[in-house]
Structure formats: C-alpha cells, structure tokens
Amino acid sequence: QVQVVESGGGLVQAGGSLRLSCTASGGTFSPTAMAWFRQAPGREREFVSSISWNIGNTYYADSVEGRFTISRDNAKNTVLLQMNSLKPEDTAVYYCAAKARWGVVLTAAGAFDYWGLGTQVTVSS
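The structure contained in this document is the topic of the report that follows.

Criteria and cut-off values
- Residues numbered from 1 in each chain as written.
- Predicted model: local features only at pLDDT ≥ 70, side-chain atom pairs only at ≥ 80, totals over all residues.
- Heavy atoms only, no water.
- Disulfide = S-S within 2.5 Å.
- Helix = DSSP H or I, 4+ residues; strand = E, 2+ residues; numbered from the N terminus.
- Pairing = 2+ DSSP bridges.
- Axes fitted to C-alpha atoms, helices over the stretch in contact; angles between N-to-C directions.
- Polar contact = N/O pair within 3.5 Å; in protein donor to acceptor, adjacent residues only side chain to side chain.
- Contact = heavy atoms within 4.5 Å.
- Phe/Tyr/Trp six-rings, centres within 6.5 Å; stacked < 30°, edge-to-face > 60°.
- Lys NZ or Arg CZ within 6 Å of the ring centre and 35° of its normal.
- Core = buried A, V, L, I, M, F, W, Y, C linked by side-chain atoms within 4.5 Å.
- Buried < 20%, exposed > 50% of the residue type's maximum accessible area, 1.4 Å probe, protein only.

### Focus: the state of the cysteines
Part 1: Inspection of every chain in the model, using the stated rule, returns one disulfide.
Part 2: One disulfide in the model links Cys22 with Cys96; its S-S distance is 2.0 Å. Sign of the S-S torsion, about -85° for the bond between Cys22 and Cys96, identifies this disulfide as left-handed. Separated by 74 residues along the polypeptide, Cys22 in strand β3 (residues 18-25) and Cys96 in strand β9 (residues 92-99) bring together distant segments of the chain.

### Notes on the sheet that holds strand β1 (residues 3-7)
Part 1: The strand order β1-β3-β8-β7 describes an open sheet built from four strands, whose pairing is antiparallel. Single-partner strands in this sheet number two, and they are β1 and β7 (68-73). Along the sheet, successive strands turn relative to each other by an average axial angle of 15°, direction set aside.
Part 2: The pairing of β7 with strand β8 (residues 78-83) spans six bridges and is antiparallel. Bridge assignment links Phe68 to a residue of β8, and that residue is Met83.

### Observations regarding the side chain of Thr78
Part 1: With respect to the helices and strands, the residue Thr78 is situated in strand β8.
Part 2: Of note is the side chain of Thr78, whose polar atom sits 3.1 Å from the backbone oxygen of Lys76.
Part 3: Non-local contacts of Thr78, meaning those with residues more than four positions away in its chain, are made with Ser21, Cys22, Thr23, Trp53, Ser71, Arg72 and Asp73.

### Some thoughts on the packing of aromatic side chains
Any pair of aromatic rings gets described here by the distance separating the centres and the angle formed by the planes.
Part 1: All told, the structure shown has four aromatic pairs when counted by the stated rule.
Part 2: Plain terms: the ring middles of Phe29 and Tyr114 are 5.4 Å apart, the flat faces sit at 80° to each other, and that makes the pair edge-to-face. Here Tyr114 lies in strand β10 (residues 114-115) and Phe29 lies in the loop between β3 and β4 (33-39), a separation of 85 residues in the sequence.
Part 3: Measuring from ring centre to ring centre gives 5.8 Å for Phe37 and Phe112, while their planes differ by 75°; the resulting arrangement is edge-to-face. Taken together, the positions of Phe37 in strand β4 and Phe112 in the loop between β9 and β10 put the pair 75 residues apart, joining distant regions of the chain.
Part 4: Joined through ring pairs, the aromatic side chains of Phe37, Phe47, Phe112 and Trp115 make up one cluster.
Part 5: Directly above the aromatic system of Tyr95 lies the positively charged group of Arg45, at a separation of 3.8 Å from the ring centroid.
Part 6: Looking at Arg45, its charged tip hangs above the ring of Trp115, at a distance of 4.9 Å from the centre.

### Regarding the nonpolar core
Part 1: Of all hydrophobic cores here, the largest spans 37 residues; its most connected members are Trp36, Val79, Leu81, Met83 and Tyr94.
Part 2: Of all elements in the fold, only β3, β4, β5 (46-52), β7, β8, β9 and β11 (119-124) reach the threshold of two or more residues within this core.
Part 3: Leaving out residues up to four positions away in the same chain, Tyr94 has contacts with Glu6, Leu20, Trp36, Phe37, Arg38, Val48, Phe68, Leu81, Met83, Gly118, Thr119 and Val121.

Keep in mind these values describe shape, not function.
Pasting the structure below:
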C-alpha cells in the first residue's frame, strides 16, 4: 500500500515563505511524477505544480509561476515545494499526489493515483 505524507504547512504573513515536503512510500513503489494541488474553502481542487521523475520536467499554474519552485529527491521519493512571496489567495489545503503510471498529462488530478491527506497553508494579510 502506497502512502503519501505531506508536511510543512503553517501560518505565514503575506510576502513570506514556506516549504512543503511530501514523501511517497510503500514497498518498491517509485513514482513517474509527483504534484501539488490545493483547495481553498468553497472552491474546487486546483493544480499548483508537478514534476516528472525521470527527466525532472516541471509544470506550474499561472498563479504561482515565478513564486513557487518544485524539486525532487528521487532516492527518497520526496518532492518539495518552495513557496515564496506568498499571498492571501494562496491560502488553502495543499495536497500532494503521486503518479504510478506513465503518461504525458501531469496537470490533472485524475492523472495521479495516490494522494496525501493535505496540509494547511494560511497566508495572513
């Protein structure tokens, strides 16, 4: 059974930074990609960023491009999300997801197979 566990959320003032971490574990599982999504109250879950595991191609939502940076540690099945210049509209529960199957789509929730329980990020104005 694959487990995905996030950490690093918290409360920060606007303009501040946070770093989220996520590890996928379980037997011999090795992801083909990992991603971050977020969901704010009353809104649908939305894509934030993803990274392919072999080449390390990265993808970002327009709303976070230039402020967030995703990176990976292949040996540890860990993905990091460095969030800088945070805004109140970044407030949400952030979910980590791991993809088991090979595929070209890395920005849709349906493309990912395993999900964490989420970590709260709150940005105060």
